[in-house]
Amino acid sequence: MTGVPASAAGRSQAGASDAGSGAKSPRSGKIVAAAVNEASLWNIANILTMIRLLLVPGFVALMLAADGHDPAWRSFAWAAFSVAMITDLFDGHLARTYNLVTDFGKIADPIADKAIMGAALICLSALGDLPWWVTAVILGRELGITLLRFIVIRYGVIPASRGGKLKTLAQGIAVGMYILALTGWLATARFWVMAVAVVLTVATGLDYVRQAIVLRRQGIAEREAALEESEA
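Residues numbered from 1 in each chain as written. Predicted model: local features only at pLDDT ≥ 70, side-chain atom pairs only at ≥ 80, totals over all residues. Heavy atoms only, no water.

K.L.:
Sorry if this is basic, but what is going on with unusual backbone geometry here?
P.N.:
Phi at A66 is positive, roughly 55°, even though this residue is not glycine. One can find A66 in the loop between α2 (44-64) and α3 (71-97). (Helix = DSSP H or I, 4+ residues; strand = E, 2+ residues; numbered from the N terminus.)

Structure, rendered in structure tokens:
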């Protein structure tokens with residue numbers, strides 16, 4: 001006999017078991033958290049973004065196949081470009097709707113957008129189908145606005161405007177029409193669609209600059225006001 005009641009021994013063993021399980025819980029919690037984070041990376045929105053990134057080299061290869069002017073290869077390139085643009089419409093919406101926003105998506109999504117559009121514009125200009133100044137205006141605007149967003153992010157976020165969405169749609173349609181080997185009135189129509197896209201590109205770019213200036217002034221004013229209140 002040990003002199004210890006059976007009930008007390010049972011309670012001590014249970015306590016030891018609980019203590020042991022409690023000691024393991026932080027580690028198991030980390031494992032679960034890591035699994036959740038890994039699962040969140042491989043969500044449908046991020047997968048669509050990855051597909052768009054993977055389509056870029058394939059699109060370039062199709063565009064440049066057979067000296068870049070074969071109608072059949074250009075049709076295949078148009079299909080790849082269209083798939084990339086369609087995924088662009090859905091990945092951001094799915095991420096916001098179903099709370100699938102991740103750090104990877106925040107970085108990869110804008111890169112994928114500019115990669116496929118930049119690849120298309122550069123290929124078209126290199127093949128002589130689109131003036132280089134059009135490519136320079138569109139890519140310059142996109143890169144400039146992206147840089148501007150990072151500069152003023154300390155003061156706030158510039159929201160996407162309706163004009164910006166219309167610009168993206170016009171660019172996608174215009175570039176898609178230039179990728180196809182069109183003739184006749186369709187070839188003339190694509191010139192005017194691209195003209196509309198360029199005008200929207202410049203106009204929305206100037207509007208973003210205006211918003212950035214206003215946002216910066218408001219941010220500076222709010223900081224100065226907060227500083228005066230703290231000193232009062």
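After that view of the structure, there is still more to cover.
K.L.:
Help me out: how do you make sense of the pattern of salt bridges in this one?
P.N.:
Between side chains of opposite charge, pairing is possible as soon as their charged atoms come close. Evaluated as defined, the whole model comprises 5 salt bridges. Between D113 and R52 there is a salt bridge, with its nearest N and O atoms 2.7 Å apart. Of the two residues, D113 is situated in helix α4 (residues 103-126) and R52 in helix α2; the sequence distance between them amounts to 61 residues. A residue is classified by how much of its surface remains accessible, and D113, at 22% relative accessible area, is partly exposed. The class of R52 is buried, set by a relative accessible area of 0%. Two residues, E142 and R141, come together in a salt bridge whose shortest N-O distance is 3.3 Å. Across the pair, R141 and E142 agree in class, each one buried. (Salt bridge = Lys/Arg side-chain N within 4 Å of Asp/Glu carboxyl O. Buried < 20%, exposed > 50% of the residue type's maximum accessible area, 1.4 Å probe, protein only.)

K.L.:
Even after reading the chapter, I still don't get the packing of aromatic side chains, so can you show me in this structure?
P.N.:
What describes a pair of aromatic rings is the distance from one ring centre to the other and the angle between the planes of the rings. What the rule picks out here adds up to 3 aromatic pairs. Ring geometry for F59 and F81: centres 6.0 Å apart, planes at 40°, overall tilted. Here F81 lies in helix α3 and F59 lies in helix α2, a separation of 22 residues in the sequence. Judged by relative accessible area, F59 falls into the buried class, the value being 0%. You can call F81 buried: its relative accessible area is 1%. For the ring pair W73 and F76, a centre distance of 5.9 Å and an interplane angle of 70° mean the geometry is edge-to-face. (Phe/Tyr/Trp six-rings, centres within 6.5 Å; stacked < 30°, edge-to-face > 60°.)

K.L.:
Help me understand the nonpolar core in this model?
P.N.:
Within soluble globular proteins, side chains that are nonpolar tend to cluster in buried spots. Core analysis: the biggest nonpolar cluster contains 30 residues, and F59, M63, F81, V175, I179 and M194 have the highest contact counts within it. It is α4 that provides the largest number of residues to this core, a total of 7 residues. Contact partners of I179, with chain neighbours within four places excluded, come to F59, M63, R74, A77, W78, F81, A120 and L124. Grouped together as the second largest cluster of nonpolar side chains are 8 residues, L148, Y155, I158 and L215 included. (Core = buried A, V, L, I, M, F, W, Y, C linked by side-chain atoms within 4.5 Å. Contact = heavy atoms within 4.5 Å.)

K.L.:
Help me understand a negative patch on the surface in this model?
P.N.:
On the surface, a cluster of negative charge is made up of E224, E228, E229 and E231. By relative accessible area, E228 is classed as exposed at 56%. (Patch = residues over 30% accessible without salt bridge, like charges linked within 9 Å, V, L, I, M, F, W, Y side chains within 5 Å. Areas by Shrake-Rupley, 256 points an atom, 1.4 Å probe, with all protein chains shown as cover. Lys, Arg positive; Asp, Glu negative; His and termini not counted. Charge placed at Lys NZ, Arg CZ, Asp CG, Glu CD.)

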